[in-house]
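Residue-level structural notes
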Amino acid sequence: MRISFREADWGALARLWAEFYPERYHVDAALLKQNTVGSPTFDWGASCIEIYDDETRGFVAIKRSPNPSLWPGPNQDTFYLSALAYKEPEVGVDLMTQAKRTLRNRGGQRLLFGTDSRHFFPGCPEDCGSLCSFLMVEGFEKSGDHFDLERDLRDYEPPAELTPGVKFREVTEADVEATRAFLQREFPGRWTHDVLDKVKIEGAANTCYGCFEGGRMLGFALIQDWRHKQPIGGGVWRAGLGEKWGSLGPIGVAKEERGRGIGHSLLGAALTNLKGRGVQRCIIDWTTLGDFYGRHGFEITRRYQMASLKLD
């Protein structure tokens with residue numbers, strides 16, 4: 001029997017998730033709900049759950065494009081396979097067949113695995129071999145890879161002195177409008193939305209670390225710790241990070257200020273801030289900058305393959 005997510009047994013869905021994905025990707029029922037039906041782009045019509053003999057046998061969670069409702073962009077005909085899990089491959093095939101048919105009937109042109117707004121995955125995890133194989137059989141094509149990095153911050157020390165003349169500190173509520181203007185100018189789109197959405201939920205000082213020169217913002221870093229109410233990005237893997245987890249990213253410096261060492265200084269100052277909060281295991285997610293973060297002792301822990309399917 002095929003049912004809507006409006007009838008979901010979230011405990012059952014979380015248990016199925018735990019059976020399907022390796023332990024490092026486990027999420028609880030609350031986080032699963034938050035990042036599916038709690039997302040403003042969740043697609044109720046294309047997402048569904050398979051029940052057989054009163055047991056949850058599989059589910060597929062689809063999201064619409066965040067453009068233009070969350071941020072402007074050209075890909076309104078792109079949809080996102082946020083997550084799926086199944087007990088038997090044929091259940092997964094049936095669920096995907098219905099989802100693809102629904103999206104094609106709407107004029108959908110492309111379906112991406114992960115990378116959705118309020119996402120779990122930035123691509124198919126390479127250590128989920130059966131899932132990656134399933135996607136390839138379904139017609140998804142690979143298009144590059146990304147990774148997460150982690151380190152324990154308890155013995156962290158910045159590798160270099162801070163850039164002279166630049167002040168590194170938590171962003172305050174008084175800085176929010178300046179932060180908004182900075183993000184819209186330097187990093188319009190997803191980063192602007194994600195950072196400001198987190199600031200609204202968690203508060204500025206708990207969420208954003210910045211660097212300033214003469215009162216002018218030069219860069220920012222999104223920071224999270226285990227007390228956050230709505231973890232995003234790498235924070236979704238909190239169960240695998242341990243009790244006093246933390247995360248950092250995205251992080252960025254104004255284009256005209258690059259080359260002064262501000263990026264490493266900002267990263268070092270923000271990580272020191274997280275260490276001072278009591279963060280132990282810290283994650284930096286969805287990146288290709290292994291050398292940049294490696295200077296600060298971070299090592300790759302998860303790899304993802306981008307995967308997309310043409311629907312037209």
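Described below are features of the structure shown in this document. As the structure is a prediction and not an experimental result, all values here were calculated from the model.

**As for the environment of Phe 292**
Looking at where Phe 292 falls in the secondary structure, it is placed in helix α10 (residues 290-294). Its relative accessible area of 22% is what places Phe 292 among the partly exposed residues. In this structure, Phe 292 is in contact with Gly 263, His 264 and Leu 267, ignoring residues within four places of it in sequence.

**Examining the nonpolar core**
Trp 17, Tyr 21, Leu 81, Leu 111, Phe 113 and Trp 237 are the most contacted members of the largest nonpolar core, which totals 54 residues. A total of six residues in this core trace back to one element, the largest contributor, which is strand β4 (residues 78-86). Leu 218, Val 253, Leu 266 and Leu 274 belong to the second largest nonpolar core, which has 26 residues in total.

**A closer look at the pairing of strand β5 (residues 110-113)**
Here β4 runs beside β5; their pairing, made up of four bridges, is parallel. Across the sheet, residue Phe 79 finds its bridge partner in β5, namely Leu 111. The parallel pair β4 and β5 is bridged by helix α3 (residues 89-105), and the resulting crossover is right-handed. As defined by bridge partners, β5 adjoins strand β13 (residues 299-310) across three bridges and the pair is classed as antiparallel. Bridge pairing in β13 places Arg 110 opposite Lys 310.

**Considerations on unusual backbone geometry**
Each neighbour pair has its own omega, and for Asn 67 with Pro 68 the value is 5°, a cis peptide bond. Note that Pro 68 resides in the loop between β3 (55-63) and β4. The peptide bond linking Gly 249 to Pro 250 adopts the cis configuration, its omega dihedral lying at 5°. Along the chain, the position of Pro 250 falls in strand β11 (residues 246-253). The phi dihedral of Asp 53 falls on the positive side, at around 50°, and the residue is not glycine.

**Digging into the layout of surface pockets**
To locate leftover empty space, one rolls a probe as large as a water molecule over the atoms. Of the volumes computed, that of the largest pocket is approximately 820 Å³. As for the largest pocket, its lining consists of 46 residues, and the residues nearest its centre are Trp 191, Gly 249, Pro 250, Asp 285 and Trp 286. For the lining of the largest pocket, the secondary structure elements donating two or more residues are α6 (190-202), β10 (216-225), β11, α9 (262-277), β12 (281-287) and α10. Here the lining of the largest pocket gets seven residues from one element, more than from any other, and that element is β11. When the residues that make up the lining of the largest pocket are grouped by side-chain class, the tally is 20 nonpolar, 16 polar and 10 charged.

Definitions and limits used
- Residues numbered from 1 in each chain as written.
- Predicted model: local features only at pLDDT ≥ 70, side-chain atom pairs only at ≥ 80, totals over all residues.
- Heavy atoms only, no water.
- Helix = DSSP H or I, 4+ residues; strand = E, 2+ residues; numbered from the N terminus.
- Buried < 20%, exposed > 50% of the residue type's maximum accessible area, 1.4 Å probe, protein only.
- Contact = heavy atoms within 4.5 Å.
- Core = buried A, V, L, I, M, F, W, Y, C linked by side-chain atoms within 4.5 Å.
- Pairing = 2+ DSSP bridges.
- Right-handed = clockwise from strand over helix to strand, strands pointing away.
- 1 Å grid on protein atoms, 1.4 Å probe; cavity = no way out; pocket = protein on both sides within 12 Å on 5 of 7 lines; lining within 4 Å.
- Points joined across faces, edges and corners; volume = space filled by probe spheres on them.
- Nonpolar A, V, L, I, M, F, W, Y, C, P; charged D, E, K, R; others polar.

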